[in-house]
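Summary of the model geometry
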Amino acid sequence: MATILNMPRLGLTMSEGRVVRWLKAEGDEIKAGEEYVEIESDKSVAAHEAPEAGFLLKILAAEGDVVEIYKPIAVIGQQNESVDEVLKDIDAPSAESEAKEPIDEKQQMSVKKDQETKDGDRIFISPAARRIAAENNVNIAEIPFPQGKKRIEKAHVIDYLEANKLKVTPLASKIAEEQGIDLKSLSVEPGKRIFSKDLQQVLQTSAPQPARIKVAGMRKVIAARMKESIDTAAHVSLTTEVDMSKVIEMRQRIIDPIMGKWDVKVSINDIVIKCTAFALKEFPRINSVFTPEEIIEKAEINIGVAVALQEGLIVPVIRNADMLSVGQIAAVSKELSAKAKAGALNPDEYNGGTFTVSNLGMYDITQFTSIINQPESAILSVAKVVERPVVLNGEITVRPIMNLSINFDHRPIDGAMAAVFLKRVKELLEEPYELMI
Amino acid sequence: MRTITYREAINEALAEEMRRDPEVFLIGEDLADPFGGSYKVTKGLSTEFGCDRVRNTPISEAGLAGAAVGAAMAGMRPVAEIMYIDFTGCCFDAIVNQAAKIHYMSGGQVQVPVVFRTQQGSGRSSAAQHAQSWEAIFAHIPGLKVVMPATPYDAKGMLKTAIRDNDPVMFIEHKLLYGVKGEVPEEEYTVPFGKAEVRKEGKDITLIASLRMVDFALEAADKLKADGIDAEVIDLRSIVPLDKDTIISSIKKTGRLAIAQEAVERCGFASEIATLAMELAFDYLDAPVKRICATNTPVAFAPALEDFIIPNTEKIYSAVKEMF
Amino acid sequence: MKSFKGIPKSVLTDMYTQMEKIRQFELKSVDLYQVGELPGFLHSCLGQEAAAVGVVAALKETDYIVTTHRGHGHVIAKGAELNRMMAELYAKEDGYCRGKGGSMHIMDRTKNILGANGIVGQGTTLATGAGLAAQLRGTDQVSVAFFGDGAQNEGFFHESMNMASIWNLPVIFACENNMYAESTCQTYHMRPDDIAERAKGYGVTSYIADGNDVIDVYLKACEAVKQCRNGDGPVLIESKTYRWLGHYVGDPGVYRPDGEVALWKSDEKEPMHQFREQMIKNEIFTKSELDKIQNDVADMIISAVEFGRNSKPLPPESALEDVYIEGLL
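On a predicted model such as this, the values are computed, not experimentally measured, just so you know.

**Here we look at the sheet that holds strand β2 (residues 16-22) of chain A**
Residues and elements named next belong to chain A.
- Reading across the sheet, the four strands line up as β5-β4-β2-β7 and stay open at both edges, with antiparallel pairing between neighbours. In this open sheet, the two edge strands, each paired with only one partner strand, are β5 (45-49) and β7 (66-68). Averaged over all pairs of adjacent strands, the angle between their axes in this sheet comes to 40°, without regard to strand direction.
- Relative to β5, strand β4 (residues 35-40) is paired through five bridges, and the arrangement is antiparallel. Paired with glutamate 38 across the two strands is alanine 47, which belongs to β5.

**A few points about the environment of C:Tyr242**
Residue and element names in this part refer to chain C.
- Along the chain, tyrosine 242 turns up in the loop between β10 (235-240) and α10 (260-265).
- Here the alpha-carbon distance between tyrosine 242 and asparagine 212, two residues 30 residues apart in the chain, equals 8.2 Å.
- Side chain to side chain, tyrosine 242 and arginine 256 meet in a polar contact 3.3 Å long.
- There is a polar contact of 2.6 Å between the side chain of tyrosine 242 and the side chain of glutamate 260.

**Re the environment of B:Ile163**
All names here are of chain B.
- Considering the arrangement of structural elements, one finds isoleucine 163 in helix α7 (residues 152-164).
- Taking the relative accessible area as the measure of exposure, isoleucine 163 reaches 2% and is therefore buried.
- Put simply, isoleucine 163 and methionine 18 are 145 residues apart on the chain and 9.6 Å apart in space, counted from C-alpha to C-alpha.
- In this view, isoleucine 163 contacts Leu14, Glu17, Val24, Arg77, Val79 and Val115; residues no more than four positions away in its chain are not counted.

**Points about the nonpolar core**
- Residues B:Ile27, B:Val69, B:Ile102, B:Phe116, B:Phe138, B:Leu159 and C:Leu236 are the most contacted members of the largest nonpolar core, which totals 120 residues.
- Counting residues per element, this core draws most heavily on helix α3 (residues 61-73) of chain B, at eight residues.
- Split by domain, this core shows at least three residues from each of two domains, domain 1 (3-183) and domain 2 (197-321) of chain B.
- In terms of nonpolar packing, the next biggest core, distinct from the first, is built from 65 residues, C:Met19, C:Cys228, C:Val249 and C:Ile284 among them.

**Some remarks on the pattern of salt bridges**
Residue and element names in this part refer to chain B.
- All told, the structure shown has 71 salt bridges over all chains when counted by the stated rule.
- Notably, a salt bridge pairs aspartate 243 with lysine 195, separated by 3.6 Å at the nearest N-O pair. One end of the pair, aspartate 243, is in the loop between β12 (238-240) and α9 (244-254); the other, lysine 195, is in the loop between β8 (181-183) and β9 (197-200), and 48 residues separate them in sequence.
- By relative accessible area, aspartate 243 is classed as buried at 6%.
- Take lysine 195: its relative accessible area is 41%, and that puts it in the partly exposed class.
- Residue lysine 200 is joined to aspartate 230 by a salt bridge in which the shortest nitrogen-to-oxygen separation is 3.0 Å. Highlighted residues: lysine 200 in strand β9 and aspartate 230 in the loop between α8 (212-226) and β11 (231-235), separated in sequence by 30 residues.
- The class for aspartate 230 is partly exposed, based on a relative accessible area of 23%.

**So, the interface of chain C and chain B**
- On the side of chain B, 45 residues touch chain C, which itself brings 39 residues to the contact.
- Together chain C and chain B conceal approximately 3400 Å² of surface at their shared face, both sides included; 65% is due to carbon and sulfur atoms.
- For the chain C face of the interface with chain B, the top three residues by lost area are C:Leu136, C:Tyr324 and C:Ile325, together amounting to 18%.
- At the boundary of chain C and chain B, one finds one salt bridge.
- Between C:Glu326 and B:Lys145 there is a salt bridge, with the nearest N and O atoms lying 2.9 Å from each other.
- Inspection of the region where chain C meets chain B yields 19 residue pairs in polar contact (both at pLDDT 80 or more).

**Here we look at the confidence of the model for chain A**
Residues and elements named next belong to chain A.
- Looking at chain A, pLDDT values average 86 and 90% of them are 70 or higher.
- Taken element by element, chain A is modelled with least confidence in helix α2 (residues 93-100), mean pLDDT 42, and with most confidence in helix α13 (residues 415-430), mean pLDDT 96.
- Between residues 92-109, whose pLDDT stays under 50, and residues either more than four places distant or in other chains, the model counts 11 contacts.

**Observations concerning the packing of aromatic side chains**
Residues and elements named next belong to chain B.
- Under the counting rule described, the total for this entry stands at 16 aromatic pairs over all chains.
- Three or more aromatic residues link up through ring pairs in this structure, and these residues are Tyr6, Tyr39, Tyr84, Phe87 and Tyr178.
- When the ring centre of phenylalanine 35 is taken as origin, the NZ or CZ atom of lysine 40, which lies over that ring, is 3.8 Å away.
- Above the plane of the ring of phenylalanine 324 lies arginine 256, whose end atom (NZ or CZ) is 4.5 Å from the centre.

**Observations regarding the pairing of strand β6 (residues 54-59) of chain A**
Residues and elements named next belong to chain A.
- Across two bridges, strand β3 (residues 29-30) lies against β6 in antiparallel orientation. Note that in β6 the partner of glutamate 29 across the bridge is phenylalanine 55.
- Note: β6 against strand β8 (residues 72-77), four bridges, orientation antiparallel. Across the sheet, residue isoleucine 59 finds its bridge partner in β8, namely alanine 74.

**Quick notes on the sheet that holds strand β5 (residues 143-148) of chain C**
Residue and element names in this part refer to chain C.
- Judged by pairing direction, the sheet is parallel, and its six strands sit side by side in the order β4-β3-β5-β6-β10-β9 without closing on themselves. Only two strands of the sheet have a single partner each, and these edge strands are β4 (113-116) and β9 (205-210). If you compare each strand with its neighbour and ignore which way they point, the axes differ by 15° on average.
- Where β9 and β10 come together, six bridges link them in parallel fashion. Across the sheet, isoleucine 208 pairs through a bridge with glutamate 238, a residue of β10.
- On top of the sheet, helix α6 (residues 155-167) reaches β5, β6 (171-177) and β10; it is set at about 145° to β6, its chief contact.

Cut-offs and rules
- Residues numbered from 1 in each chain as written.
- Chains lettered and ligands numbered in written order.
- Predicted model: local features only at pLDDT ≥ 70, side-chain atom pairs only at ≥ 80, totals over all residues.
- Heavy atoms only, no water.
- Pairing = 2+ DSSP bridges.
- Helix = DSSP H or I, 4+ residues; strand = E, 2+ residues; numbered from the N terminus.
- Axes fitted to C-alpha atoms, helices over the stretch in contact; angles between N-to-C directions.
- Polar contact = N/O pair within 3.5 Å; in protein donor to acceptor, adjacent residues only side chain to side chain.
- Buried < 20%, exposed > 50% of the residue type's maximum accessible area, 1.4 Å probe, protein only.
- Contact = heavy atoms within 4.5 Å.
- Core = buried A, V, L, I, M, F, W, Y, C linked by side-chain atoms within 4.5 Å.
- Domains from an automatic or database assignment.
- Salt bridge = Lys/Arg side-chain N within 4 Å of Asp/Glu carboxyl O.
- Buried area = accessible area lost by both parts, 1.4 Å probe.
- pLDDT = per-residue confidence, 0-100.
- Phe/Tyr/Trp six-rings, centres within 6.5 Å; stacked < 30°, edge-to-face > 60°.
- Lys NZ or Arg CZ within 6 Å of the ring centre and 35° of its normal.

In structure tokens, the structure reads:
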């Protein structure tokens, strides 16, 4: 029958011993009383004699292992006997020590089953321990209850504080101080040292954060449309300068009558729209839609007027602008604009446009280009009217000058035509009486 | 320095004070030579000072104690001996109603500079009526001072202080300490009241004791060293007035308090000290205060029973160990 | 210089003045007590004036007295100031004991009054101690213990008589036998008819005096004092007397037979009347002389009451003073 050989107690105060050297190998025969292993206790190294004869069936504690007294170090028995049975009944140290690791620290400190640690909510803790805990902002409930004790004592609280003290490298400590980082806020494994690299994430996430807006609704549409337009149309831009003195003069003349009739203050832009609509009559190609198969020159001249919204833009359409007077254009424009800003436009109020006018003059923009409003083929960019010195008849004089740009799709419209069209709009603006013809 | 016995130290104190001040006289039973006192403390004194100043009385505790008080009120400095503290029962009135209160009741007009020398304690099978320890009873009477010297040095120094004190003093000796030897200087010295003595410094527990318990506590402290417990032993020696400062600073240092007391546990002086610890050092206590006292019984005659009743080194040692 | 039975008029004047002081002080304090002006207990010695004065008149200032709860008479006779006594009864700051003692514990160290004592009979041991002090010092001081018939049954009395006797202490055990120990009459609480008998047991000289005849008490006290000063003490004097009121003020004295109080208050037995009659008859004093003393005393009493009433009340914290000489411990 195989039997277990245990770590012998070689001295009164010995509690554990180290296996220094096996004098026999597995399978060797051992005589009773023969020395079979060297053990080191706290006092000295000594060879231990086998208590019985047999064969060394299995070594359970390797050389160098430290084993508690009375715990197994080997199995002895008859030659080639199986050790399975006998091993089943014991806690073989080295065989299972891996399986036992890692030992949960909390478990080590866990209390005996019937040990009283508290009465209801009242944890048993000494006054001194309570004071130390309070001084260090420690929640008493977190302190592991000392095994076998009647109450948590001062030393236990101090130990707890030590164990949970933050370990930080000098560099990390310096960085933390400089950047004002609270080391306690870092999620680090308890007991693990904090390095400077651990602070990086904190530093990064603590830079000024950009605002993040979800792309949805109108923004999504605008984004798609704009990109599509750029991708499809062959955008070309032309600019001309317009002397607006006659327009300005005319506006002065008609501002009050229009107010009286249409209850709207006529703007430069309304006059620009009128001139543009008039010019488009002469240049149907500008007022077209391009498809790979055909260019559709639109029958109506519906001019869209870009209106900036809080978030996004919308282009309500002045239908048949060529047939409207400046006053009418002003009135419709005002109404549409108000509706647009109120989000109250009907679909046929923003659909069906054939040409778009975008005016950024009120924002002091002196020149800009726009993206063509699909499926149109061109868009007019109206800039600010600026008093400028110009040369007229060899003399320098000051005139109100406005930059006018057209962005056109070169697929249906050639540069020359666009230029001539733009020139025509300029002419009309510089000599508005031509609208009477 | 020479070593003399506790008994000799007291004898010297009496002799020196009587030489120093003609108003000092002794009154009590069997004091005079050749008998020299039932514990031989006053031997030689009547020979030197005469039988008027070393005045034997009949067995009349009430009479002699009262007379001592009266003589003190009339300007003398009597040292009255009550042979056993157990006999103060017979003259309790003179001590607690007269000596303790006359200064107060007279609004400070009349002083009572009397010393009542007596002895207490057990260990020789002297049985219930000759073995009690009553310091707590007298500590409870305002107006009395109560001192308990444990060494020859303290006995001599504190008796001198007692005799020179203008308040009434209960000077409590211990019957088993009379033969104990200790170092006592030849030169004049006194030991003040209200100062405890740290007999052994330590950091793990404050162990307080008086009279014979001091030696037991020191022995227990020695044993505890092997267990890794470093006890601080304090000899109270002055009960009223009490050295609270020394006691409390010690507790704040160690966090634990044990009191060894030869007197009965219930309402003994240890209770007072334990309460003071709670009141003045609550947040420093790491464990409940422990008292190692005589059982709540009279003292039995049989040695085995007496041993069971009275605290000793082993009991103090075990009790302290349990506190860790 | 007039004299009576060898007693000079000056001494007689003193004695009468003291008796009047005691009588009027007691009457007044009983009144004040009964209307509630004085707290605590009051044990009146009304009726026992002669017993007190007779003994004290035989003493010198350096002699000691110790008395009992019924001690106003003795301390007044020994020279205690009425003002300070009254202030003490009023529990005021100017009282002898600063409110710490009250009626039962009046003390005046400067007059060698070692106090009134509330423990019956204990005064005998204290007085014995004072006598021992005198003997040790080698002075001719005498120490007097006043006590009643009840006290002499206490062990204190016997132990101190015994010790005083073996040591020849100059102690006068002055017993005022007023026939009652609280409510127990003398015929019950002891076998002998006279307390003076006790002295025989200790081998001590004794005298029996008519406690209501101040002259008789005085003459016998003088004998006792002489004996003590000679070193042949102690001496026991029994003065037969009677107290008018109960044990304490408020005690109805139901234990006394009808007519007994009246008998002792009658002119024949009452001490003041006896004295006045005697003095006038023997032409030592005129009535008006005696009346004048009486009136003077009346004024003193009125001042004393005023003094007591107007004296400052005690701050309560003064309760913590005088426990020990250095303060509180």
